[in-house]
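Read off the chains here:
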Amino acid sequence: MASKHLLEIRNLVTTFRSDNREFNAIEGVSMHVDRGEIVGIVGESGSGKSVTMLSSLQLIASPGRVAGGEVYLEGVKDNLLSYGSDSEEMRQIRGGRISMIFQEPMTSLNPVLTVGYQIQENILLHKKVTPEEAKRRTIEAMKMVNIPDAETRYDYYPQQFSGGMRQRIMIAMAMAPGPDILIADEATTALDVTTQAQLLEMIRDIAKKTNTAVIMVTHNLGLVARYAERIYVMYGGHIMETSDCVEVFHNTKHPYTRALLRAIPRLDDPKDRVLIPIDGLPPVPSQRPPYCPFYERCEYRCDACKANTDYSLKQVGENHWSSCILTQQQLDEGAEALLHKNYGESPVRPQLDDYCLKVSNVRKYFPVYKGLLRKKVGEVKAIEDIAFDLKQGETLGVVGESGCGKTTLARCIMRMYEPDEGTIIFGGRDIAHLKDKELKPVRPKISMIFQDPFSSLDPRQSAESIVGESLLIHKLVNGRTEYENRVDELLRKVGMDPAMKDRVAHEFSGGQRQRIGIARALSSNPDLIICDEPISALDVSIQAQIINLLEKIQAETGISYIFIAHDLAVVKHISDRILVMYLGRVMEIAECDELYEHPLHPYTQALLSAIPVADPLVEAQREAVPIQGEVPSILKRPSGCPFHNRCPRATERCSQEVPALHTVKGSHQVACHLV
Amino acid sequence: MARYIAQRLGQTLLVLLIVSFLTYMLVDFLPGDPIAAMTGGEISGETYERLYKEMNMDKPVLVRYALWLKGALTGDLGTSQSYHRRVVDIISERVPVTIYFSLLAFVISVPLGILFGIISAVRRGSAADTAVTLTANVCCCLPQFWLGILFMYVFAMKLGWLPSSGFVWPHEDLLLSIRQTIMPLLCLAIGGIASITRQTRSSMLEVIRQDYIRTARSKGLRSKAVIYVHALKNALLPVITLMGLRLGGLIGGSVFVENVFVIPGMGSLLVNAITSVDIPLIQGCVLLIAVFSCVVNLITDIVYVYVDPRIKVA
């Protein structure tokens, strides 16, 4: 039976194999898309959002297979799944009528074929045109996605473009044959926030102009709030809730969606908002219960939920469906009860007036060598003129896009690098140029939490030795018993059961590994912890747990944090003050609320505007500050103010003179000639 | 591009210079008196004096080397003591035979290896894959001389289908030449086919998992087009390295096969030269093999630049 929608998916089931057992990655997913609309599919990793899309295009790689369901496309009589994966019919639809953009722009284009070839191949496959016409259309498509100098770039290889540019090429490739539907599978997740905003604006504009439907697959609730018109929320291989964008955010029905919205930090949060994490972990697909997959973590759960195995979507309002079996009354009562439930206050941190760290004038250049004799041919000016201070018990957020020098700064403070110039006063002494031996007593006092909990733990070491190692190195314990006790105490402090201390890294989930990473950082009783993107590799529902843990530890120990991240909402939530970096220089430093309410630097303004807020009503009212171009390579830093060539307000002076960081009011400092 | 080639050529020349120096120093590395070693020691004092002068042994080592190098560059590698002929003449007789076998083995093993590799990678886990992988693994570790003796025993002695040894050029006697070529060629080619199959299979499997292959499939390309246009070019990059190594190693590898099948090529020449301590001849052979390996490496590097646009030519 054909469908009245442009694309309709009915009861799609896809199975994978693991340990010789088949399990369903998605179980009976139904959804539809109409012409010209933007649909968002949100969910955490493993929720089945990508699998749904790949299954409907029959792109699931063996040993996975589509085990059931129907897919109908307007103008095609048959169920698409009745065609073979490699059949003529399916291939014409795939890429021709439904095209797809993937997450990793760096690896999604073939490195040995020119981008021109890869785009025109798509046109030749689906349109009956001559090669000359295909080339003309390719260049047109490249111009459409704002690739400068498209005629020359036609013969370039993917690696000659930046990540953002490659994703533009992916978009050009996907849009070139004039598809009816564009699937963007986490298409901008790997990109910087300003690039992400540019690309999504562009996709929206092109889609509206050509009446193409867009399916946005993402884990980012902010993005769907800003761009999607209709939303599907997925969890554990099922659709939990679907409705119009505003409905989902403001008349939220399903307990999972409700929990998700309470767990994520938002740019417009008040300072003392408590994030309410979702307890536990998402179910492993192979061990999903027959009842609601969210049951174990749900705060509204009742015995009826466990007895019920039919959790298909039920209409709960006009255009609003939810899989939850609870009645509106039960949900209201549950919400009422949750309101009075005490999640604890936002931890109060002791603010001290003593300085923990004072950084001034720090500069680090890296030499560039070339040729057989490794001759020095230039310098990468990683960071310059960095100056800030940090009080005891304070959290300083450091934000900036890739290549801005955040990590170099962190390593200079850690003294993994020796800065070329400047002073770093820590614990009353300048550590910037200390020798390795002199640094020894300083080392335990500064520790670090890393971004990737999967690769930053030694896979062969047990949790105990990871956490206990620095106790031994720095001789912080006397004897075996004290060591054991201290390790147990550290693990308990980060919310882990000491009984698990003999396990190795891969036996833990991502969130647990990051807890071990935190325990390791705490083991030497540091005064300062540098957190380098500590939560960006974690799922949304886990992030809140880690943020809350970090805040709790700070309240208990009065530790100082430097919190490096590109997610400004998270930084805003956890920090007292924020430092904005761009191409190795400090652009602005201010108190958190001050920075968000009165950003002074044009770069800060653009950065804030690029971050979507997970609330469609707020999004509709926000003023967009457009930003031009991409972050230039650190090797080609513009003269004068590094931001001047992307700044809408740049003047002659900006391109000649580097603006100095000056105090505007109170502790608000900015480096801009115009302020 | 031209600059890159010039740079690589310069590096190759440098390597050759070093190799030629070491080759020349063979004379000094030999235990005992080189002249006594060469001649077997049964010569009069007069002859010794003459040879001593002839070989410039009275001059410092660098001067001797320079004189030898000058000779080598002008095509004079000295005179073989065991053949009593100019080294250059002997080698130029022998080289074509070895090149003939090496190139034939190369030309056979590359396409077959790639083909088997693709088949087993694309049908991973099938019976065909198991058969190909198993055979390739076994063939990879068969020593050439053992294979040669086995072939000889089966096809020449037991079955009597092929002549056990000897060599004539195809233009001299086509039928005999083909019959004589089959066994040594198989010995030389089997290892190559096996290792290229294994390399192609593993790099193909690696490439098939890549994101850009998914992209290509999402465009609606035929499976064949995905494999031959998008995957193969990427998968062949490591195979090219291997091909260079194989070709460079074929001349050295000819030592075993040529001796087993009594083929008058470089391999058997080198063995004769070593057993009779014919120093000028050893030097000539080693130098030639070194030049050949260097040239093959140079070609591999240049081919790489053409095939892989990621190698930035600066």
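Residues numbered from 1 in each chain as written. Chains lettered and ligands numbered in written order. Predicted model: local features only at pLDDT ≥ 70, side-chain atom pairs only at ≥ 80, totals over all residues. Heavy atoms only, no water.

## Considerations on the overall build of chain B
Along the backbone of chain B there are twelve helices and zero strands. Listed N to C, the secondary structure of chain B is α-α-α-α-α-α-α-α-α-α-α-α in terms of helices and strands. In terms of overall dimensions, chain B has a C-alpha envelope of 85 × 60 × 35 Å along the principal axes. Counting over 314 residues, chain B shows a buried share of 44%. Residue pairs in contact within chain B that sit at least 24 positions apart in sequence constitute 71% of those at least 6 positions apart. As presented, chain B carries roughly 15,800 Å² of accessible surface, and 68% of it is formed by carbon and sulfur atoms. Taking the 26 positively charged and 19 negatively charged side chains of chain B as two groups, their mean positions are separated by 19 Å. (Helix = DSSP H or I, 4+ residues; strand = E, 2+ residues; numbered from the N terminus. Buried < 20%, exposed > 50% of the residue type's maximum accessible area, 1.4 Å probe, protein only. Contact = heavy atoms within 4.5 Å. Areas by Shrake-Rupley, 256 points an atom, 1.4 Å probe, with all protein chains shown as cover. Lys, Arg positive; Asp, Glu negative; His and termini not counted. Charge placed at Lys NZ, Arg CZ, Asp CG, Glu CD.)

## With respect to the overall build of chain A
Of the regular secondary structure elements, chain A holds 23 helices and 23 strands. In terms of overall dimensions, chain A has a C-alpha envelope of 75 × 65 × 50 Å along the principal axes. Put simply, chain A has 675 residues, and 56% of those count as buried. Counted over contacts in chain A with a minimum sequence separation of 6, partners at least 24 positions apart contribute 67%.

## Concerning the sheet that holds strand E15 (residues 421-426) of chain A
All names here are of chain A. On the basis of which strands lie adjacent, the open sheet formed by four strands has the order E13-E12-E15-E16 and antiparallel pairing. Two strands close off the open sheet at either side, each with one partner strand: strand E13 (375-391) and strand E16 (429-430). Where helix H13 (residues 406-414) meets the sheet, its contacts fall on strand E12 (355-370), E13 and E15, and the angle it forms with E13 comes to roughly 70°. (Pairing = 2+ DSSP bridges. Axes fitted to C-alpha atoms, helices over the stretch in contact; angles between N-to-C directions.)

## Side note on the interface of chain B and chain A
Between chain B and chain A, the residue contacts involve 21 residues of the former and 30 residues of the latter. Buried surface at the junction of chain B and chain A, both sides included, amounts to about 2,300 Å², of which 54% is carbon and sulfur. The partner of A:Glu88 in a salt bridge is B:Arg222, with the nearest N and O atoms 3.9 Å apart. Between the two partners, chain B and chain A, sit 14 residue pairs in polar contact (both at pLDDT 80 or more). Within the residue set of the side of chain B that touches chain A, elements represented by two or more residues are helix H9 (211-218) and helix H10 (223-260) of chain B. In terms of residue class, the side of chain B that touches chain A is built from six nonpolar, seven polar and eight charged. (Buried area = accessible area lost by both parts, 1.4 Å probe. Salt bridge = Lys/Arg side-chain N within 4 Å of Asp/Glu carboxyl O. Polar contact = N/O pair within 3.5 Å; in protein donor to acceptor, adjacent residues only side chain to side chain. Nonpolar A, V, L, I, M, F, W, Y, C, P; charged D, E, K, R; others polar.)

## Regarding the sheet that holds strand E9 (residues 238-244) of chain A
Residue and element names in this part refer to chain A. One open sheet accounts for eight strands, arranged E5-E6-E7-E3-E8-E9-E11-E10; its pairing is mixed. A single partner strand is all that each edge strand has here, and the edge strands are strand E5 (98-101) and strand E10 (314-317). Neighbouring strand axes in the sheet, compared pairwise and without regard to direction, differ in orientation by 20° on average. Note: E5 against strand E6 (residues 181-185), four bridges, orientation parallel. Each residue of the ladder has a partner; that of isoleucine 98, found in E6, is isoleucine 181. The strands touched by helix H6 (residues 163-175) are E5 and E6; relative to E5, the strand with the most contacts, the crossing angle is about 175°.

## What about the packing of aromatic side chains?
Applying the stated criterion across every chain, the model contains 20 aromatic pairs over all chains. An aromatic cluster is defined as three or more aromatic residues linked by ring pairs; in this entry it consists of B:Phe21, B:Tyr24, B:Tyr65 and B:Trp68. Above the plane of the ring of A:Tyr365 lies A:Arg363, whose end atom (NZ or CZ) is 4.6 Å from the centre. (Phe/Tyr/Trp six-rings, centres within 6.5 Å; stacked < 30°, edge-to-face > 60°. Lys NZ or Arg CZ within 6 Å of the ring centre and 35° of its normal.)

## Let's talk about the packing of helix H7 (residues 144-158) of chain B against H10(B)
Residue and element names in this part refer to chain B. Taken N-terminus to C-terminus, the directions of H7 and H10 make an angle of 25°; their axes are 9 Å apart at the nearest point. It follows that H7 is roughly parallel to H10 by the angle criterion. Helix-helix and strand crossings are classified by hand; for H7 and H10 the assignment is right-handed. Across from Gln144, Phe145, Gly148, Ile149 and Met152 in H7, the residues of H10 making contact are Gly253, Phe256, Val257 and Val260. Residues belonging to the contact of H7 with H10 are distributed by class as follows: six nonpolar, three polar and no charged. (Parallel < 35°, antiparallel > 145°, perpendicular 65-115°, else oblique. Left-handed = near helix turned anticlockwise from the far one by under 90°.)

## Details of the pattern of salt bridges
For the structure on display, the rule yields 44 salt bridges over all chains. Note that A:Glu74 is salt-bridged to A:Arg35, the shortest N-O span being 2.9 Å. With A:Glu74 in the loop between strand E4 (65-73) and helix H2 (88-93) and A:Arg35 in the loop between strand E2 (21-33) and strand E3 (38-42), this residue pair connects regions lying 39 residues apart in the sequence. In this structure, B:Arg201 and B:Asp129 form a salt bridge, with 2.9 Å as the shortest nitrogen-oxygen distance.

## Digging into the pairing of E2(A)
The pairing of strand E1 (residues 7-18) of chain A with E2(A) spans ten bridges and is antiparallel. Looking at the pairing, A:Glu8 lines up with A:His32 of E2(A).

## Some remarks on helix H4 (residues 61-73) of chain B
Helical geometry: 3.6 residues make up each α-helical turn, so side chains three or four residues apart lie on a common side. Residue and element names in this part refer to chain B. Relative to the 18 Å expected for 13 residues at 1.5 Å per residue, H4 spans 18 Å between its end C-alpha atoms, a close match to the ideal helical length. Looking only at H4, the buried set comprises Arg64, Tyr65, Trp68, Leu69 and Gly71. What you see down the axis of H4 is that its buried residues fit within an arc of 160°, all on one side. Projecting away from the buried face of H4 at angles above 90 degrees are the exposed residues Leu62, Lys70 and Leu73. Of the residues one or two after H4, glycine 75 is the one with positive phi, at around 85°. (Expected span 1.5 Å × (residues − 1). Arc of directions from axis to C-beta.)

## Structural notes on unusual backbone geometry
All names here are of chain A. Backbone geometry at arginine 415 places phi at a positive 60°, although glycine is not the residue there. Tracing the chain through its elements places arginine 415 in the loop between H13 and E15. Although it is not a glycine, glutamate 533 sits at a positive phi angle of roughly 50°. For glutamate 533, a relative accessible area of 8% translates into the label buried.

## Things to note about the environment of A:Asp497
Position of A:Asp497 relative to the elements: it lies in the loop between helix H16 (479-493) and helix H17 (510-522). Along the chain, A:Asp497 and A:Thr252 lie 245 residues apart, while their C-alpha atoms are 35 Å from each other.

## Some words on the nonpolar core
Residues and elements named next belong to chain A. Core analysis: the biggest nonpolar cluster contains 98 residues, and Leu221, Ile231, Phe249 and Ile518 have the highest contact counts within it. It is helix H18 (residues 540-557) that contributes the most residues to this core, eight residues altogether. Ignoring sequence-local partners within four residues, the contact set of leucine 221 consists of Val42, Phe249, Leu260, Leu261, Ile264 and Ala614. Judged by nonpolar contacts, the second largest core, of 76 residues, contains Val33, Ala141, Ile147 and Met170. (Core = buried A, V, L, I, M, F, W, Y, C linked by side-chain atoms within 4.5 Å.)

## Description of the packing of H10(B) against helix H11 (residues 266-275) of chain B
All names here are of chain B. Here H10 crosses H11 at 90°, and the two axes come no closer than 7 Å. By the angle between their axes, H10 is roughly perpendicular relative to H11. Residue-level contacts link Ser254, Val255, Glu258 and Asn259 of H10 to Met266, Gly267, Ser268, Leu270 and Val271 of H11. Partitioning the contact of H10 with H11 into residue classes produces four nonpolar, four polar and one charged.

## Comments concerning the confidence of the model for chain B
The pLDDT averaged across chain B works out to 83; a share of 95% of its residues lies at or above 70. No element of chain B has a lower mean pLDDT than helix H2 (residues 34-39) of chain B, which averages 66, and none a higher one than H9(B), which averages 90. (pLDDT = per-residue confidence, 0-100.)

## Re the side chain of A:Arg166
Mapped onto the elements of the fold, A:Arg166 is located in helix H6. Salt bridges are absent for the buried A:Arg166, whose nearest opposite-charge side chain, A:Glu104, sits at 8.1 Å.

## Brief notes about a nonpolar patch on the surface
Together, B:Ile108, B:Leu112, B:Leu115, B:Phe116 and B:Ile119 make up a nonpolar patch on the protein surface, roughly 350 Å² of accessible area in all. Judged by relative accessible area, B:Ile119 falls into the partly exposed class, the value being 32%. (Patch = residues over 30% accessible without salt bridge, like charges linked within 9 Å, V, L, I, M, F, W, Y side chains within 5 Å.)

## Some points on the side chain of A:Lys253
All names here are of chain A. Position of lysine 253 relative to the elements: it lies in the loop between helix H9 (245-250) and helix H10 (255-263). In this structure lysine 253 is buried but unpaired, with glutamate 247 as the nearest side chain of opposite charge at 6.0 Å. Polar side-chain contacts of lysine 253 include one of 2.8 Å to the side chain of glutamine 328. Contacts of lysine 253, omitting those with residues within four sequence positions, involve Glu241, Arg258, Val316, His320, Ser322, Gln328 and Leu331.

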